[in-house]
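Close look at the chain arrangement
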Amino acid sequence: MPLQVGDYSWQQTTTAVFISVPLRGVCIRDADVFCTENYLKVNFPPFLFEVFLYAPIDDENSKAKIGNNTIIFTLHKKEAAMWETLSVSGVDKEMMQRIREKSILQAQERAKEAMEAKAAARREDQKYTLSVMMKIEEEERKKIEDMKENERIKATKELEAWKERQRKAEEQKRFQREEKSHQQEKQITEEGKKLKQKRLTRNSASRNLATKGRNSENIFFEKLKEDNIPAPRSVGNIQISFTPRVFPTALRESQVAEEEEWLHKQAEARRAMNTDIPEFCDLKEEEKNPEWLKDKGNKLFATENYLAAINAYNLAIRLNTKIPLLYLNRAACHLKLKNLHKAIEDSSKALELLTPPVAVNANSRMKAHVRRGTAFCQLELYVEGLQDYEAALKIDPSNKIVQNDAEKIRNIIQGTELKC
């Protein structure tokens, strides 16, 4: 049973109470202080100091200072008044127990409120942190979009500058051709004048020789005729031979009909030009050529200017929608820019145009399957991606890169790897 401390001292003012409790040689770390508005307790085994206060105090602003083996309490009164005693009188054990229990409940409620307030403050801090992170991410996203827009504008300006240079070069060539044609016409005119002058000179000479007799006249006349009349052309035959079309497949595996159909489709695709679109009126003749635009897009792709390359392929496709390589190359650009659904669409369109399947278009079909399969894998549609890779391996079974990628996809589907 703890020993009650009775040798404490206390003083008061109208607003505060000062209590001094000796610790009796007990370590400071062993002292446990508990205080509410009506109850004060200091437990430092084997001693116990307990007091049931005369009037309520402001326990939140009250203080305790430990030093020199003494605890000094500064308790601020809720109402400014002088107390008759420190402890309330006439308190029996049952009342003391109720005060103790009430004080403990009040302390628990305050601790709970403090914990809830701390949790609320933590949640507010998390919301603020999240909002700041979202703002930073939005700024980064906007920065990336601005960079893309600037790159697009830069590519457009470069394309316009290139068109202007081509136009000036074409004008210079046209001017040179006109100048050359003018010089040729001038030279032909001068040669005609010289020939005419020469003929007049010959005619004059023949008239002067007419007086020398009939025989002389006939001789010079025959000679003049021989000079003016060209010799007759010789008759001959021109032999024309054509290089026979040789297909790479053996006769027993002949795909002559399919390859002829493929060549016929390619010829029709080259003739299927759509140059009646109003915005194409300002383009030069070479800029209206899909093959020229395809080569331009390939050069832009090689310099990693994927947006400008897509613009070139788009213009070529508007001119001619039947060339499969335009869709195949544009799918590669979309893959680089992570436009995965567009890459799948363009690869599928290329495969649709790469029919019938022949040896000539085998490499293009293999690339279309690989690019579509890559897009499926990046969308985590590994089963669909594996189907495209297996289709590519049927076309080119000896391709080691495609074999390794297909094996990785199988491992992902079986759960042995984490990435494609």
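The notes below deal with the structure included here. Residue numbers restart at each chain and count upward from 1, following the sequence in its written direction. With pLDDT at 70 or above as the cut-off, local features in this predicted model cover only qualifying residues; side-chain atom pairs require 80 or more to be listed or tallied, and sums for whole chains, interfaces and linings still use all residues. Side-chain descriptors were evaluated using all non-hydrogen atoms of the structure, hydrogens and water having been removed beforehand.

**Concerning the pairing of strand E5 (residues 39-44)**
Two strands form a pair only when DSSP identifies at least two bridges running between them. Numbering of helices and strands starts at the N terminus; helices are DSSP runs of H or I of at least 4 residues and strands are runs of E of at least 2. In the sheet, strand E4 (residues 32-35) pairs with E5 via four bridges, with the strands oriented antiparallel. Bridging across to E5, Asp32 finds its partner in Asn43. Hairpin connection from E4 to E5: three residues lie between these consecutive antiparallel strands. Relative to strand E6 (residues 47-52), E5 runs antiparallel, the two being bridged by six bridges. Bridged to Phe44 within E6 is Phe47. Connecting the antiparallel pair E5 and E6 is a turn made up of two residues.

**Description of the pattern of salt bridges**
Here, a salt bridge means any side-chain nitrogen of Lys or Arg that lies within 4 Å of a carboxyl oxygen of Asp or Glu. Summed over all chains, the structure comprises 15 salt bridges. Where Glu149 meets Arg152, a salt bridge forms, and the shortest distance between an N and an O atom there is 2.6 Å. Residue Glu149 and its partner Arg152 are both found in helix H1 (residues 93-208); the two are separated by three residues, about one turn of the helix. Here Arg152 falls in the partly exposed class, since its relative accessible area comes to 35%. To sort residues, take the accessible area from a 1.4 Å probe on protein chains only and compare it with the maximum for the residue type: under 20% means buried, over 50% means exposed, and anything in between is partly exposed.

**Observations regarding helix H10 (residues 400-414)**
Compared with an ideal rise of 1.5 Å per residue, which puts 15 residues at 21 Å, H10 spans 21 Å between its outermost C-alpha atoms and is within 8% of the ideal. Along H10, the residues classified as buried are Val402, Ala406, Ile409, Asn411 and Ile412. Of the surrounding elements, those touching the buried residues of H10 are helix H8 (362-378) and helix H9 (382-395). At the N-terminal boundary of H10, the capping side chain belongs to Asn399, with an oxygen 3.1 Å from the backbone nitrogen of Ile401. Backbone geometry just downstream of H10 places Gly415 in the positive-phi region, at approximately 85°. In this analysis, the expected span of each helix is defined as 1.5 Å times one less than the number of residues it contains. We call two residues in contact when some of their heavy atoms are within 4.5 Å. As used in this structure description, the phrase polar contact means that two N or O atoms lie within 3.5 Å; if the pair is within protein, one of them must be able to donate a hydrogen and the other to accept it, and residues adjacent in sequence are counted only when both atoms belong to side chains.

**Things to note about the nonpolar core**
Ranked by size, the top nonpolar core spans 21 residues in total, and within it Ile19, Phe44, Phe49, Phe73 and Leu75 carry the most contacts. Listing elements by their share of this core, those giving two or more residues are strand E3 (16-22), E5, E6 and strand E8 (70-76). Excluding residues within four positions of it along the chain, Phe49 makes contact with Val5, Tyr8, Ile19, Val21, Leu40, Lys41 and Val42. Here the nonpolar core consists of buried residues drawn from Ala, Val, Leu, Ile, Met, Phe, Trp, Tyr and Cys, with membership extended through side-chain atoms lying within 4.5 Å. Leu300, Ala308, Ala309 and Leu353 belong to the second largest nonpolar core, which has 20 residues in total.

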